[in-house]
Structures are given as structure tokens and as C-alpha cells.
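Architecture and fold: a report
The residues making up each chain are set out below.
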Amino acid sequence: MDKLINDFSFGLFFWQALILLVLILLLVKFAWKPIMQSITDREEGIKDALLSAENAKRDMENLQADNQRILNEARAERDAMLKEAREMKEKMIADSKNEAQEQGQKMIEQAKAAIENEKNAAMAELKLQVSTLSLSIAEKLLKDELSNKESQTKLVEKMLGDVKLN
């Protein structure tokens with residue numbers, strides 16, 4: 001460093017300073033504006049990229065929120081459909097039970113009616129047989145009774161005694 005200070009020359013210093021000033025002027029005139037423009041353009045590009053990234057992030061969040069909402073709606077719709085299917089199943093089972101009970105009741109009523117009809121027919125048949133038998137017995141008795149005059153008179157008196165006068 002001592003050698004530099006001892007060998008210092010004002011003429012050389014002047015020319016170096018002048019070259020430096022000319023170089024700075026040339027850089028300012030020709031290179032400074034393009035360099036600053038490219039730095040400004042790069043800064044704008046970075047800002048745009050950040051804005052785009054922020055917008056993409058917001059869009060992604062909105063999309064995720066929409067996806068979640070759609071998923072929730074689909075779950076709610078699925079639950080509603082399952083509930084409706086269960087209700088339909090229960091209604092169909094209840095309707096089937098009611099229909100089976102009604103058919104069973106109709107069958108029981110038809111069976112009771114058939115039994116009643118058969119009972120009435122049997123009773124009518126029995127009455128017919130009893131009346132036929134009674135008539136034949138009465139006919140035989142009357143023949144025996146009416147063949148004898150004395151027994152006829154007793155029968156008439158007995159019947160007259162049985163009749164109540166009003």
C-alpha cells in the first residue's frame with residue numbers, strides 16, 4: 001500500500017476519473033433506462049405472479065368450499081333417499097299386514113257364514129224329519145184313537161179342557 005501512495009500520479013488519476021465519469025455517463029445514457037425498465041418489468045411480473053397465486057389460492061379455497069357443500073348436499077340427499085326408502089318399506093309392510101288381516105277376517109267371516117248356512121240347512125232338514133216323523137206318529141195315534149168312539153170323545157173333551165178362553 002505504501003508503494004501505491006508513493007507512486008501516485010495526478011495525471012493518471014485525472015484520466016482514470018475522466019474515463020470513469022464518461023463510462024458512468026454512457027451507462028446512464030444507454031444502459032440505465034433499459035436496466036431499470038427490465039427491473040421494473042420483473043417487479044411487475046413478480047407482483048402479477050403473486051396476485052395470480054393469491055387468486056389461484058382463493059379459487060382453490062372456493063372450489064374446496066364448493067366441493068364440501070356439494071358433498072354435504074349429496075350426503076343430505078342420500079340420507080333423505082334412505083329415509084324415504086325406509087318409510088316406503090315400512091308403509092308397504094304395514095299395508096301388507098293390513099291387507100292380510102282384512103283377507104283373513106273376510107275368510108273367517110265367509111267360513112262363519114258357510115257354517116251358519118250349513119247349520120241352518122241341517123236344522124231345516126232336522127225339522128223336516130221331525131215334522132214328518134211327528135205327522136206319521138200322530139197319524140198312527142189318531143187312527144187308533146179315532147177307531148174307538150169312546151176314546152174320540154175323551155180326546156175332544158181333553159182338547160177342549162186344554163184350550164184357554166180369553
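Residues numbered from 1 in each chain as written. Predicted model: local features only at pLDDT ≥ 70, side-chain atom pairs only at ≥ 80, totals over all residues. Heavy atoms only, no water.

You'll find the protein entered in an unreviewed UniProt entry as ATP synthase subunit b, with Flavobacterium pectinovorum given as the organism.

**Digging into the overall build of the protein**
Secondary structure assignment for the protein yields three helices and zero strands. When the helices and strands of the protein are listed from N to C terminus, the series reads α-α-α. Along the longest, intermediate and shortest principal axes, the C-alpha atoms of the protein span 200 × 35 × 25 Å. For the protein, buried positions account for 1% of its 166 residues. Working note: accessible area of the protein is about 15800 Å², and carbon and sulfur atoms make up 63% of it. Each charge sign in the protein was given a centre, from 25 positive and 29 negative side chains, and these centres are 3 Å apart. (Helix = DSSP H or I, 4+ residues; strand = E, 2+ residues; numbered from the N terminus. Buried < 20%, exposed > 50% of the residue type's maximum accessible area, 1.4 Å probe, protein only. Areas by Shrake-Rupley, 256 points an atom, 1.4 Å probe, with all protein chains shown as cover. Lys, Arg positive; Asp, Glu negative; His and termini not counted. Charge placed at Lys NZ, Arg CZ, Asp CG, Glu CD.)

**What about the UniProt feature "coiled-coil region" (unreviewed entry) in the protein?**
When the UniProt feature table is mapped onto this chain, "coiled-coil region" (unreviewed entry) is found at residues 46-125. As a span, residues 46-125 carries 100% helix and 0% strand, and end to end its C-alpha atoms are 115 Å apart. (UniProt positions renumbered as here; feature names shortened; annotations may be inferred.)

**Quick notes on the pattern of salt bridges**
Counting across every chain of the model gives five salt bridges. Lys47 serves as the salt-bridge partner of Glu43, at 3.7 Å between the closest nitrogen and oxygen. Of the two residues, Glu43 and Lys47 are both situated in helix H2 (residues 10-147); the distance of four residues between them amounts to about one turn of the helix. Look at Lys47 and you get partly exposed, because its relative accessible area is 43%. Put simply, Asp66 and Arg69 hold a salt bridge, and the shortest N to O gap is 3.9 Å. You can see Asp66 and its partner Arg69 sitting in helix H2, three residues apart, about one turn around the helix. Where salt bridges share partners, they join Asp66, Arg69 and Glu73 into one cluster. (Salt bridge = Lys/Arg side-chain N within 4 Å of Asp/Glu carboxyl O.)

**Thoughts on the packing of aromatic side chains**
Following the criterion strictly, the structure yields one aromatic pair and no others. For the ring pair Phe14 and Trp15, a centre distance of 5.5 Å and an interplane angle of 70° mean the geometry is edge-to-face. By relative accessible area, Trp15 is classed as exposed at 52%. (Phe/Tyr/Trp six-rings, centres within 6.5 Å; stacked < 30°, edge-to-face > 60°.)

**Looking at the environment of Ala85**
The residue Ala85 is located in helix H2 in this model. Spatially, the C-alpha atom of Ala85 lies 81 Å from that of Asp162, the residues being 77 residues apart in sequence.

**Quick notes on a nonpolar patch on the surface**
Residues Leu20, Leu23, Ile24, Leu27, Val28, Trp32, Ile35, Met36 and Ile39 make up a contiguous nonpolar surface patch of about 830 Å² in total accessible area. Positionally, Leu23 belongs in helix H2. Residue Leu23 is classed as partly exposed on the basis of its relative accessible area of 45%. (Patch = residues over 30% accessible without salt bridge, like charges linked within 9 Å, V, L, I, M, F, W, Y side chains within 5 Å.)

**Examining helix H3 (residues 149-162)**
With 14 residues, H3 extends 20 Å between its outermost C-alpha atoms, agreeing within 8% with the 20 Å of an ideal straight helix rising 1.5 Å per residue. Within H3, only one of the 14 residues are buried, leaving the element largely exposed. (Expected span 1.5 Å × (residues − 1).)

**Digging into the confidence of the model for the protein**
When the pLDDT values of the protein are averaged, the result is 87; 94% of them are 70 or greater. Put simply, helix H1 (residues 2-6) is where the protein has its lowest mean pLDDT, 71, and H2 is where it has its highest, 90. (pLDDT = per-residue confidence, 0-100.)

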